[in-house]
Protein chains: 2
Amino acid sequence: MKEITLKNLTLVLDTLAICEKYTNACHVLNYDEETICPKKAMENQGETISFLSNKAFELTKSDDFVNAANYLYEHRDELDYEDKVLAEGLRRNYMRTRNISVEQDLEFSKIFNKAFVDWLEAKNKADFSIFKDSLNKVRETQLEQFELSDYDGERPKTAYNALLDAYERGVTTDEIDMAFNAFKERITPLLSKIKSSKKKIRTDFLSREVTDEQQRRMAEYLLDVIHFDKSRGAITTTEHPFTDNLAKDDARITTHYYPTAFTSSMFSVIHEGGHALFMQLQPEEDYPHFNNDSQSMAMHESVSRFYENRIGRSREFIHLIFPKCKEIFPQVFSDVTEEEFYEAINVVEPSLIRTEADEFTYTFHIIIRYELEKALVDGNMPIDDKLPERWNDLYEKYLGIRPSNDKEGLLQDVHWASGFGYFQAYAIGNMYNAMYYNKMKEDIDISKAISEGDFDLINGWMAEHVFKKANYLAPMDWIKDITGREFTPDDFLDYLTDKYTRLYEI
Amino acid sequence: MKEITLKNLTLVLDTLAICEKYTNACHVLNYDEETICPKKAMENQGETISFLSNKAFELTKSDDFVNAANYLYEHRDELDYEDKVLAEGLRRNYMRTRNISVEQDLEFSKIFNKAFVDWLEAKNKADFSIFKDSLNKVRETQLEQFELSDYDGERPKTAYNALLDAYERGVTTDEIDMAFNAFKERITPLLSKIKSSKKKIRTDFLSREVTDEQQRRMAEYLLDVIHFDKSRGAITTTEHPFTDNLAKDDARITTHYYPTAFTSSMFSVIHEGGHALFMQLQPEEDYPHFNNDSQSMAMHESVSRFYENRIGRSREFIHLIFPKCKEIFPQVFSDVTEEEFYEAINVVEPSLIRTEADEFTYTFHIIIRYELEKALVDGNMPIDDKLPERWNDLYEKYLGIRPSNDKEGLLQDVHWASGFGYFQAYAIGNMYNAMYYNKMKEDIDISKAISEGDFDLINGWMAEHVFKKANYLAPMDWIKDITGREFTPDDFLDYLTDKYTRLYEI
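Residues numbered from 1 in each chain as written. Chains lettered and ligands numbered in written order. Predicted model: local features only at pLDDT ≥ 70, side-chain atom pairs only at ≥ 80, totals over all residues. Heavy atoms only, no water.

1. Section: helix H15 (residues 362-377) of chain B
Turning to step 1, where the next piece is worked out: Here H15 of chain B contains 16 residues, and its C-alpha end-to-end distance of 23 Å stays within 8% of the 22 Å for a straight helix at 1.5 Å per residue.
Turning to step 2, where the next piece is worked out: With 13 of 16 residues buried, H15 of chain B is to be regarded as a mostly interior element. (Helix = DSSP H or I, 4+ residues; strand = E, 2+ residues; numbered from the N terminus. Expected span 1.5 Å × (residues − 1). Buried < 20%, exposed > 50% of the residue type's maximum accessible area, 1.4 Å probe, protein only.)

2. A few points about the interface of chain B and chain A
Turning to step 1, where the next piece is worked out: Listed by partner, the interface residues are 37 residues for chain B and 37 residues for chain A.
Turning to step 2, where the next piece is worked out: Summed over both sides, the interface of chain B with chain A buries roughly 2,700 Å², with 60% coming from carbon and sulfur.
Turning to step 3, where the next piece is worked out: In this structure, the salt-bridge partner of Asp-32 of chain B is Arg-252 of chain A, at a minimum N-O distance of 2.6 Å.
Turning to step 4, where the next piece is worked out: Linking chain B with chain A are six residue pairs in polar contact (both at pLDDT 80 or more).
Turning to step 5, where the next piece is worked out: Counting only elements with at least two residues in the side of chain B that touches chain A, the list comes to helix H1 (3-35), helix H2 (42-61), helix H9 (212-225), strand S1 (233-237) and strand S3 (250-255) of chain B.
Turning to step 6, where the next piece is worked out: It is H1 of chain B that provides the largest number of residues to the side of chain B that touches chain A, a total of nine residues.
Turning to step 7, where the next piece is worked out: Here the residues of the side of chain B that touches chain A are counted per class, giving 15 nonpolar, seven polar and 15 charged. (Contact = heavy atoms within 4.5 Å. Buried area = accessible area lost by both parts, 1.4 Å probe. Salt bridge = Lys/Arg side-chain N within 4 Å of Asp/Glu carboxyl O. Polar contact = N/O pair within 3.5 Å; in protein donor to acceptor, adjacent residues only side chain to side chain. Nonpolar A, V, L, I, M, F, W, Y, C, P; charged D, E, K, R; others polar.)

3. A closer look at the environment of His-365 of chain A
All names here are of chain A.
Turning to step 1, where the next piece is worked out: Relative to the helices and strands, His-365 resides in helix H15 (residues 362-377).
Turning to step 2, where the next piece is worked out: Taking C-alpha positions, His-365 is 29 Å from Glu-338, a pair spaced 27 residues apart along the chain.
Turning to step 3, where the next piece is worked out: Among residues more than four places away in sequence, those in contact with His-365 are Ser-351, Leu-352, Ile-353, Arg-354, Ala-357, Tyr-395 and Leu-399.

4. Points about the packing of helix H1 (residues 3-35) of chain A against H2 of chain B
Turning to step 1, where the next piece is worked out: Direction vectors running N to C along H1 of chain A and H2 of chain B enclose 105 degrees, while the axes themselves pass 10 Å from each other. For the element pair H1 of chain A / H2 of chain B, the angle class is roughly perpendicular. The residues of H2 of chain B that touch H1 of chain A, namely those facing Ile-18, Lys-21, Tyr-22, Asn-24, Ala-25 and Val-28 of chain A, are Asn-44, Gln-45, Glu-47, Thr-48, Phe-51, Leu-52 and Lys-55 of chain B. (Axes fitted to C-alpha atoms, helices over the stretch in contact; angles between N-to-C directions. Parallel < 35°, antiparallel > 145°, perpendicular 65-115°, else oblique.)

5. Focus on the confidence of the model for chain A
Turning to step 1, where the next piece is worked out: Put simply, chain A has an average pLDDT of 96, and 100% of its residues get 70 or more.
Turning to step 2, where the next piece is worked out: Reported confidence for the predicted complex is 0.91 by ipTM and 0.92 by pTM. (pLDDT = per-residue confidence, 0-100.)

6. Considering the environment of Ile-353 of chain B
All names here are of chain B.
Turning to step 1, where the next piece is worked out: Note on placement: Ile-353 falls in the loop between helix H14 (338-344) and H15.
Turning to step 2, where the next piece is worked out: Since its relative accessible area comes to 28%, Ile-353 is described here as partly exposed.
Turning to step 3, where the next piece is worked out: Put simply, Ile-353 and Glu-220 are 133 residues apart on the chain and 25 Å apart in space, counted from C-alpha to C-alpha.
Turning to step 4, where the next piece is worked out: Not counting the four nearest positions on each side in its chain, Ile-353 is found in contact with His-365, Glu-408 and Gln-412.

Shown next as structure tokens:
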């Protein structure tokens, strides 16, 4: 490497190492705010987060850093592969934000923090009007950010496409519309059939009362089963479960304990545990190049939902954990068979809360939010007192049920406080994992591995094929690299059709 | 105020507002590290804390700030009282640290962070040798800091006096030796009498098994009883309970739940709750002057131990909470009277763990640590493999019992990881609160207030007399201001003598 290239690379890496300290602090403060921070301290803590993230932003806006990063981008062919990827990522980021001043960045950040606090209050009071102004500001901010953004290549056609691109580089509404249309076409008629199926599935025992202590034991057990490394991660409780990677050796997850819905925590733990495994199994050698946080959101949701559904809701997994379930929850399982438990956790029942939805109807929740988001961002649909009704109408259209208040309606999820564009990730993720599940099946006996609890084998395959290149390839290239095929929703739709046709004997 | 004075004041206040953001972040990260941060992430998180606290330090080292602060100090008579106190505090701080560079500060900070991680591992493994090197470095650092420090007035005679001064401005080993000698003289013979007393106190029920859930309910109840404001504070669990004031509206406490020692959490919650009340009842008008964090450690421990012991272990308080105790822990109290519970929580029994010690023998734990600290800091006693033995010898001397390992010996408390000089605060605090308790008794009927749960009255008195001037006066001036008398250990010794002579009928 030329001396000047090395000098610029060193400057960039050193600056990013300082940024990482600010980012680490922001993650911890954010995790704290979402888990334990007292109500009246939240706004102040949010301001501290804005202040610190703005400090990191300021470092990347300095002339020295910008010049060095742009030099690296222009001379990227002289760089090692890892640093080339880094230089390209920095360039995209630079273009996206070069018209945004340090002061503007701080203002934007405050708007999102305020939105979080307002959303929380609105949700607690089941009253969208409390969140309405903040949500309008969030949209204004995202539209302004789109106006200010630059791109080296083609500019996204619309603001919503730009948001998609930020979460899922290179993906546009074209791909998502295609996937969602295919979903609706095949799954809607199947849902009708299931609704009118004669199959009786017992679910009475799912609402039997359990203690928090029992659920805590179960959560610890499940994390051990999937080989979550507790010395490099932690678990606590929040109403809305999530995962955050606070630092290299610090993947935190949260769950919630409902006294009469013990499976809710079980599957949220496996879901969030999947996210955490993705983080914990990042290749060590990538850290010095700052590429370990480059996975797309749909890549991430593909992994979490792989563990939650493809593994967690499989017949083999239930076989594996059933003895422990009986031991921890004796009052629940005294008169329940393994097969009954498997069927119960796969029952199809249109419901209002996305995170509690069954695997089969889950995608409808995403489609609803996606259609609304497109209309809000690109269609200029007003964010007013009628928005809850429009939300409720879509639930009636796709799932045949209607929320009775805003808390079980459009306020259920935190994401809008951070802006639009995320939700597609959950659905596209399912489609990715169905594709790589089929590839994995060629290499290993998944069924045997699950029923024997051989997570070294499963996690090892995932690390090698799924995790490793996630930091380097754009999503559609990545899935093609893993599977040898172009992205398609078909694997997922085949899987759903097959599994639920059998289950409901239709 | 002259224009130039105002300009300097504005610069100082604006800079301190930025420092406060860094400090807020450090507190949150520290709280996180002590409560939930995974083991392998601690060192990195400690480095982030060092980085951020160093950023704040750097701001106070800038020429602009130093000049403005020194200008204010020189012209302090032009300032309002609150700002004058601030200017004097900044001046002391400036003198103490003016020979320490930003780089040195960062190095020091890393040493203390490393010491925390090493202490934790050493304690978990009950092996002092793991902590030994770090403790040596902590001592070296504190001695070096003393060498580097300047004072406007008289320089403390020894390094240990400088440490005392940092925690307890103006207090020296002279006062503490006097107080501890008086304690030993009066309490040692009384302890012998108690040991040979024929009085039978029932304690069997204190070790009856309870659930975490029950203890959590009790903790929430006790916090409500003393009027802890949950919208401006939080509670979680750690092995070593503590309180931290993360921000103006954010006083956090921790406790621990032992299944067969439920009173341990009860009294730790009241103790930490006392610290939190001190923070939550700070005068609103002091915040803009940045004086709200100026209480001495003994002032703080005086308050926490006032709530824990003078209130919490009183006959009246047991009367107040007994019905709820029976409701929450029915399996414990089925055959126990109110009087039996009162006696049980006041039983005198020399023990190894300070935080679990009874009120009567508690001060011996402090005297032991204090005598050892003086020898370590000023007497150059070696920090080597013999130190645990020297610790154990002192327990044998004063309490007649001997730790069987380092975990129940010198590793029990976290404080040494942050350096020496803190422990006296716990004992001096008891002496302060005995003095102001006697003053309070002249103003209000404490007995009636406690038994009726009138904490508005008690907390109101505390806020007015104890909390308000804590930010403005040096400890010995403060206690004189409250009580009209010079500091004396006699009120505390009288109280102990009276209470325990009655209880043990000696």
